[in-house]
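# Descriptive analysis of the structure
If you want the building blocks of each chain, they are given just below.
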Amino acid sequence: MPIVEQLEPCITCHAWNGDRSMIALSPNSNDIHIYSLQPGSAGALKLTRVWTLREHDALVTGLDWAASTNRLVSSSQDRNAYVWELHNNEWKPTLVILRLQRAATSVSWSPDETKFAVGSGEKLVAVCYFEEQNNFWVSKHLRKHGSTVTCVSWSPNSLLLATGSADYRGRIVSACVRGVDTPGKQTPFGADPAFGTVLAEYASSGWVHASAWHPNGTTVAFASHDSTVAVVSLLSPEVPLQTIRLAELPLKVSARRQPSRGERTLLGTNTENAHAALPVAVPCVPRLSPSCQTAHLLALGSATRPCSSGSSRVRALTLAASRSRRAPAPPHPRSWPRR
């Protein structure tokens, strides 16, 4: 049975630790609450608040928890980010030098956990890394966006960023930092692309709210405010591989899941706080049969990574998803089909 608990009146962002035994969340404030799964009555597991982190001066907008290093990173409308580390049962914050003049909107660790990216209202992404000689976290800026950066997600090799923006664009940008990343790593655009280079750009008819990478590192999904999810292949970026049109409100957050038996599923949550799992076709992988095209809301303790949600509950539901068809070619190169 799924665990359903009322944790807070409202949750603006959350992140799970590596083994999914703890969850950090912000209750629509400048605080961060960390809950731990602990035995309750009759041996049932119960989420219990064990820490409250207070360092930000404004609403916390993003959280991400590094699975291996156990570092928690937070971003806020106060234009700051902190890296939190647990020492002697106490969380110690380290201020990150973001150099932002507008609110931070989102944050994400790279898969190798040596860097993290912070989106902002300053039309840029701050790529942050630890500078050993100065013993603090510093940042480099990606300034290739026309409006607020709403989402950031890392490629599996930690070299590329998929960003979404309020300028109706999804972009693939190089975040390769010399001296931090191992030289010679390959990408669909060659080895070690120069930092800040826009390698691909896709137009939308709405704000791009979410982005997610396939584990193969060549397929990316963008969810936009027109209730569509465009799945693109970086091997042929001119035409979307698949466009999924939703009957519901647009997805706000998306994440890739690796189900069993070779299935390909994209997870997301929309503005009504309902989660959806969308069947996605990738190169050389057949589409799912109609019987497999269902949507599942994540349950607490699931082996898959939960998505962020504005809901105050973790629910378990099954929804029907419409069958997706390959989208026609767009009217001009590197654009998404419009309604």
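Use the structure listed above.
First things first, this report covers the structure right here in the doc. The shown structure was predicted, so the numbers you read here are calculated from the model rather than taken from an experiment. (Residues numbered from 1 in each chain as written. Predicted model: local features only at pLDDT ≥ 70, side-chain atom pairs only at ≥ 80, totals over all residues. Heavy atoms only, no water.)

### Concerning the pairing of strand E2 (residues 22-26)
With respect to burial, E2 is a largely interior element, five of its five residues being buried. Alternating residues of E2 divide into Met22, Ala24 and Ser26 and Ile23 and Leu25, and every residue in both groups is buried. Where strand E1 (residues 13-16) and E2 come together, four bridges link them in antiparallel fashion. Paired with tryptophan 16 across the bridge in E2 is isoleucine 23. With antiparallel pairing between neighbouring strands as the criterion, E1 and E2 make up a hairpin whose turn holds five residues, including arginine 20 at a positive phi of roughly 60°. Where E2 and strand E3 (residues 31-39) come together, four bridges link them in antiparallel fashion. In the sheet register, methionine 22 faces E3, and the bridge partner there is serine 36. Linkage of E2 to E3, two consecutive antiparallel strands, is achieved through a turn of four residues, within which asparagine 28 is found at a positive phi near 60°. (Buried < 20%, exposed > 50% of the residue type's maximum accessible area, 1.4 Å probe, protein only. Helix = DSSP H or I, 4+ residues; strand = E, 2+ residues; numbered from the N terminus. Pairing = 2+ DSSP bridges.)

### Focus: the environment of threonine 12
Structurally, threonine 12 is set in the segment before E1. Taking relative accessible area as the criterion, threonine 12 reaches 28% and is therefore assigned partly exposed.

### So, unusual backbone geometry
Trans is the common state for peptide bonds, and a negative phi is the common state for residues other than glycine. In this model, serine 158 sits at a positive phi of 65°, which is unusual for a non-glycine residue. With respect to the secondary-structure elements, serine 158 resides in the loop between strand E13 (149-154) and strand E14 (160-165). One non-glycine residue, serine 227, lies in the positive phi region at around 65°. With respect to the helices, strands and loops of the structure, serine 227 is situated in the loop between strand E20 (219-224) and strand E21 (228-233). With relative accessibility at 9%, the residue serine 227 sits in the buried group.

### Overview of the sheet that holds E20
Whenever strands of a sheet pair, they do so through backbone hydrogen bonds, lying parallel or antiparallel. Taken together, the four strands give an open sheet; going across it, the order is E19-E20-E21-E22, and neighbouring strands pair in antiparallel fashion. Bordering the open sheet on either side are strand E19 (208-213) and strand E22 (240-245), each of which pairs with just one other strand. Neighbour to neighbour, the strand axes of the sheet diverge by 15° on average, direction disregarded. The sheet contact formed by E19 and E20 spans five bridges and is antiparallel. Counted as the bridge partner of tryptophan 213 is valine 220 from E20. (Axes fitted to C-alpha atoms, helices over the stretch in contact; angles between N-to-C directions.)

### Notes on the side chain of serine 110
Among the structural elements, serine 110 can be located in the loop between strand E9 (104-109) and strand E10 (115-120). Apart from the residues within four sequence positions on either side, serine 110 is in contact with Lys115, Phe116, Trp154 and Ser158. (Contact = heavy atoms within 4.5 Å.)

### Remarks on the packing of aromatic side chains
Aromatic ring pairs are described here by two measures, namely the spacing of the ring centres and the angle between the planes. This model, assessed by the stated rule, comprises eight aromatic pairs. Between phenylalanine 130 and tryptophan 137, the ring centres sit 5.3 Å apart and the planes meet at 65°, which makes this aromatic pair edge-to-face. A relative accessible area of 26% places phenylalanine 130 in the partly exposed class. The ring of phenylalanine 195 carries the charged tip of lysine 140 above its face, separated from the ring centre by 4.5 Å. (Phe/Tyr/Trp six-rings, centres within 6.5 Å; stacked < 30°, edge-to-face > 60°. Lys NZ or Arg CZ within 6 Å of the ring centre and 35° of its normal.)

### Some remarks on the pattern of salt bridges
Between side chains of opposite charge, a pair can form as their charged atoms come close. Scanning the model with the defined rule gives eight salt bridges in all. Among the ionic pairs, arginine 49 bridges to glutamate 8, the shortest N-O distance being 3.3 Å. Of the two residues, arginine 49 is situated in strand E4 (residues 45-54) and glutamate 8 in the segment before E1; the sequence distance between them amounts to 41 residues. With a relative accessible area of 7%, glutamate 8 lands in the buried category. In this structure, aspartate 181 engages lysine 115 in a salt bridge whose closest nitrogen and oxygen atoms are separated by 2.8 Å. Of this pair, aspartate 181 sits in the loop between strand E15 (169-174) and strand E16 (186-187) while lysine 115 sits in strand E10; the two residues are 66 residues apart in sequence, bridging distant segments of the chain. The burial state of aspartate 181 is the same as that of lysine 115; both residues are buried. Among the ionic contacts, a cluster of salt bridges with common partners joins Asp167, Arg169, Arg171 and Glu201. (Salt bridge = Lys/Arg side-chain N within 4 Å of Asp/Glu carboxyl O.)

### Some thoughts on the nonpolar core
Ranked by size, the top nonpolar core spans 16 residues in total, and within it Val83, Val96, Leu98, Trp109, Phe116, Val118 and Cys128 carry the most contacts. Elements with a minimum of two residues in this core: strand E7 (81-87), E9, E10 and strand E11 (125-131). At three residues, E9 tops the list of elements feeding residues into this core. In contact with tryptophan 109, not counting residues within four places along its chain, are Asp64, Trp65, Ala66, Arg71, Leu72, Val73, Val83, Lys115, Phe116, Trp137 and Trp154. (Core = buried A, V, L, I, M, F, W, Y, C linked by side-chain atoms within 4.5 Å.)

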